[in-house]
Amino acid sequence: MYELLPLFAGIVLALVTQGLTPRRRLAAILVLGPIAGSMAVWVSGEWLVSWAFILIDTALVMLAAVVTVVALACWR
């Protein structure tokens, strides 16, 4: 259940950066992805269990963002 927050954050991140050039979109995802992953860990309270969840949630945010960017490119 707590893994839905990073997935939605990645989708929103990809949709928000949709109008940028590919290089700026990549930079935005690389900068904002770890921030969104850290926020997801903080909001869900997983940081109380282990700080390793930051790596997991950051990876989920980045993966969801990349998959969404590719899906949008294929859809166009």
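Residues numbered from 1 in each chain as written. Predicted model: local features only at pLDDT ≥ 70, side-chain atom pairs only at ≥ 80, totals over all residues. Heavy atoms only, no water.

Asker: So what's going on with the packing of helix α2 (residues 22–44) against helix α3 (residues 53–75)? Residues and values would help.
Answerer: The contact between α2 and α3 brings their axes to 8 Å, and the two run at 140 degrees. As summarised for this structure, α2 and α3 are arranged oblique, according to the angle between their axes. For the crossing formed where α2 meets α3, the hand is right-handed. Contact residues: α2 offers R25, I29, L30, G33, P34, A36, G37, S38, A40 and V41, while α3 offers F53, I54, D57, T58, V61, M62, A65 and V69. Broken down by class, the residue content of the contact of α2 with α3 amounts to twelve nonpolar, four polar and two charged. (Axes fitted to C-alpha atoms, helices over the stretch in contact; angles between N-to-C directions. Helix = DSSP H or I, 4+ residues; strand = E, 2+ residues; numbered from the N terminus. Parallel < 35°, antiparallel > 145°, perpendicular 65-115°, else oblique. Left-handed = near helix turned anticlockwise from the far one by under 90°. Contact = heavy atoms within 4.5 Å. Nonpolar A, V, L, I, M, F, W, Y, C, P; charged D, E, K, R; others polar.)

Asker: Describe the nonpolar core, naming the residues involved and giving the relevant values.
Answerer: In terms of nonpolar packing, the biggest core is built from six residues, these being L13, A14, I29, A36, V61 and A65. Elements with a minimum of two residues in this core: α1 (4–16), α2 and α3. (Core = buried A, V, L, I, M, F, W, Y, C linked by side-chain atoms within 4.5 Å. Buried < 20%, exposed > 50% of the residue type's maximum accessible area, 1.4 Å probe, protein only.)

Asker: Now, about the packing of aromatic side chains: what can you tell me, with residues and values included?
Answerer: The tally for this structure, following the rule as stated, stands at one aromatic pair. Centre to centre, the rings of W47 and W51 are 6.1 Å apart; their planes meet at 45 degrees, and the pair counts as tilted. (Phe/Tyr/Trp six-rings, centres within 6.5 Å; stacked < 30°, edge-to-face > 60°.)

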